[in-house]
Amino acid sequence: MKILVLPGDDIGPEITEVAMSVIERANTAFGLELGFDFRDVGMASYRKHGTTLQDSIFDAAKQVDGILLGPCGMTEYPPREEGGINVPGMLRKRLDLGANMRPARTRPGMRDARPGLDVMFARENTEGFYPDRNMFMGSGEFMPTPDVALSVRKITAQASRRIAQAAFEYACRRRKQVTVVGKRHVMQLSDGIFVREAEAVAKDFPDVTLREMDVDAMAAELYSRPQRHDVILITNMFGDILSNAAVAMSGGLGLAASLNAGDNFAAANAGHGSAPDIAGKGIANPSGLILSCSMLFDWLGHRHQRANYLLAARGIEAAMDAALANAETRTGDLGGTLTTKAFGKVVVERLAEAADKLAKNA
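Rules used throughout
Residues numbered from 1 in each chain as written. Predicted model: local features only at pLDDT ≥ 70, side-chain atom pairs only at ≥ 80, totals over all residues. Heavy atoms only, no water. Salt bridge = Lys/Arg side-chain N within 4 Å of Asp/Glu carboxyl O. Helix = DSSP H or I, 4+ residues; strand = E, 2+ residues; numbered from the N terminus. Buried < 20%, exposed > 50% of the residue type's maximum accessible area, 1.4 Å probe, protein only. Pairing = 2+ DSSP bridges. Axes fitted to C-alpha atoms, helices over the stretch in contact; angles between N-to-C directions. Contact = heavy atoms within 4.5 Å. Patch = residues over 30% accessible without salt bridge, like charges linked within 9 Å, V, L, I, M, F, W, Y side chains within 5 Å. Areas by Shrake-Rupley, 256 points an atom, 1.4 Å probe, with all protein chains shown as cover. Arc of directions from axis to C-beta. Phe/Tyr/Trp six-rings, centres within 6.5 Å; stacked < 30°, edge-to-face > 60°. Lys NZ or Arg CZ within 6 Å of the ring centre and 35° of its normal.

Caption draft 1: Representation of the pattern of salt bridges within the structure. A full pass over the atoms with the stated rule returns 24 salt bridges. Measuring nitrogen to oxygen at the nearest pair gives 2.8 Å for the salt bridge that ties Arg161 to Glu197. Separated by 36 residues along the polypeptide, Arg161 in helix H5 (residues 157-172) and Glu197 in helix H6 (residues 190-202) bring together distant segments of the chain. Owing to a relative accessible area of 39%, Arg161 belongs among the partly exposed residues under this scheme. Note on Glu197: relative accessible area 7%, which makes it buried. In this structure, Arg174 and Asp230 form a salt bridge, with 2.7 Å as the shortest nitrogen-oxygen distance. Here the residue Arg174 occupies a position in the loop between H5 and strand E8 (177-182), and Asp230 occupies one in the loop between helix H7 (215-224) and strand E10 (231-234), the gap between them amounting to 56 residues. Here Arg174 falls in the partly exposed class, since its relative accessible area comes to 24%.

Below is the structure:
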């Protein structure tokens, strides 16, 4: 199999380099037989080609089995008409990556973490309130007069059904619970469609429990009673906000893992930003991107029925758990002292140990 590697902006190249060291160790340990195609996106691409995202990237993406995308610093991009394209947003739109899966799990010994938190957000990824990607042509946000701005929320039955299907499939591999989240009594039509499709999909999964909860109530529950929830099925903007809050409650945003998946393509992309304030200092936490790689391997393993990829995913998770269990082997944002590269070396060592254990138990 082949992976397209897009390092991104700011801390992106730093944490992508570390994530690649983990991938390469997994490649050897689990016999993945991976190849790689490295391309520039973001400002590195803009300086060379006048655009942050060349059309050739989409051609390359369609020739590989998965994508590794580092954080991108969209706030520093030039206007769209001058070549400043939102890299992750346009990849999700053009490759139709409708499901954004974002886990948040508290690990032992993690400071400021909420006990009992272990959820997976199934966030719809292509429509909702995001005006840069929710229309076929043009923007979902516009100004009919100089003093009036309007933003359109688009919810379709097709996209709602697709993310509901993903949520229930994940729930079958977890604790068999799905909570669909919105504000249906306020947004009766759009959230009405979203909930309706979730209820329709639920009929095909009789062993999975479905319940509905308002988004504000879920925000409180994630803090006060996180153990009540398993898979959280949610629209685009609500999911973006709540998943970041949840991963912060698991220990910090540096742990934010994310997989953007469609019917044919998937991209591992950490759920946090590009952190330009710490770029080049060697202190960025690569955990989120490494954990995203684990999710990509899990997706590839299920899609292609490759047991060694599923084992690689488990191995990376185990290695990360071991590295994060001790404050001395964490990065500074999580109470440790390690640099980006030093943390990566610890994870690679723990991965070797995890691979040996999994081989013995196979």
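That shown, we press on.
Caption draft 2: Representation of the sheet that holds E8. Pairing is mixed in the open sheet, where 10 strands are placed in the order E2-E1-E3-E12-E11-E4-E5-E10-E8-E9. With partners counted over all chains shown, the strands left at the sheet margins are strand E2 (35-38) and strand E9 (209-214), one partner each. Direction aside, neighbouring strands of the sheet carry axes that sit 25° apart on average. Sheet analysis places strand E3 (residues 66-69) next to strand E12 (residues 266-269), joined by 3 bridges and oriented parallel. If you follow Ile67 over to E12, its bridge partner there is Ala267. Sheet contacts for helix H1 (residues 12-29): strand E1 (2-6), E2 and E3; angle to E2, the most-contacted strand, approximately 165°. Packed onto the sheet, H7 meets strand E5 (118-124), E8, E9 and E10 and runs at close to 105° relative to E9.

Caption draft 3: Region of the structure containing a nonpolar patch on the surface. A surface patch of nonpolar side chains, amounting to about 280 Å² of accessible area, comprises Phe142, Val148, Leu150 and Val152. In this structure, Leu150 sits in strand E7 (residues 148-151). By relative accessible area, which is 40% here, Leu150 ends up partly exposed.

Caption draft 4: Geometry of the environment of Ala19. Here Ala19 lies in helix H1. For Ala19, a relative accessible area of 0% gives the class buried. Every residue in contact with Ala19, bar those within four places of it in the chain, is listed here: Leu289, Ile290 and Cys293.

Caption draft 5: Examining H7 more closely. All of the buried residues along H7 are Val215, Met218, Glu221 and Leu222. Take H7 and look down its axis: the buried residues cluster within an arc of 110°, on one side only. Looking at the buried positions of H7, the neighbouring elements they touch are E5, E8, E9, E10 and helix H8 (236-249).

Caption draft 6: Quick peek at the environment of Met143. For Met143, the position within the fold is in strand E6 (residues 141-145). When neighbours within four sequence positions are excluded, Met143 is seen to be in contact with Val148 and Ala149.

Caption draft 7: Broad picture of the packing of aromatic side chains. Under the criterion given, the structure shown has 3 aromatic pairs. Stacked on the ring of Phe58, the Lys or Arg Arg94 has its end atom at 3.8 Å from the ring centre.

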